[in-house]
Amino acid sequence: MSARAVSESTFDAEVLQSARPVLVDFWAEWCGPCRMVSPILDQIASENIDKLDIVKVNVDENPGLAMQYQITSIPALKVFKGGEVAQTIIGAKPKAALEADLAAFLA
């Protein structure tokens, strides 16, 4: 399973109302580091299907969400739990570093 796209119209239902933690990848097509981290997030999503949902928000197509969550650099990863931001990770990282950052949500 890979990360699925959400938009301003589906964000509330898919992220804020989710019973599980949701990692939101704020990204853009033109962003090289975003393209580097994308397959890593897909791997983490498929390996932790029962613990964490992973979704993507294209900041160019959803500027309202980018502004609402104060996205000033990408990739920006935000973990939402209970409708609130529980953790923020900025920048591309290797898989082991991302898994270490997300350990509390993958346990």
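A few points on the structure.

Basis of the calculations
- Residues numbered from 1 in each chain as written.
- Predicted model: local features only at pLDDT ≥ 70, side-chain atom pairs only at ≥ 80, totals over all residues.
- Heavy atoms only, no water.
- Salt bridge = Lys/Arg side-chain N within 4 Å of Asp/Glu carboxyl O.
- Helix = DSSP H or I, 4+ residues; strand = E, 2+ residues; numbered from the N terminus.
- Buried < 20%, exposed > 50% of the residue type's maximum accessible area, 1.4 Å probe, protein only.

## Some details on the pattern of salt bridges
At step 1: Tallied over the entire structure, the rule returns six salt bridges.
At step 2: For aspartate 53, the salt bridge is made with arginine 20, and the minimal N-O distance between the two is 2.5 Å. Within this pair, whereas aspartate 53 is found in strand E3 (residues 53–58), its partner arginine 20 is found in the loop between helix H1 (11–16) and strand E2 (22–27), the two being separated by 33 residues in sequence.
At step 3: Residue aspartate 53 is classed as buried on the basis of its relative accessible area of 10%.
At step 4: Its relative accessible area of 30% is what places arginine 20 among the partly exposed residues.
At step 5: Lysine 95 is the partner of glutamate 99 in a salt bridge, and the nearest nitrogen-oxygen pair spans 3.8 Å. You can see glutamate 99 and its partner lysine 95 sitting in helix H4 (residues 95–101), four residues apart, about one turn around the helix.
At step 6: By relative accessible area, which is 22% here, lysine 95 ends up partly exposed.

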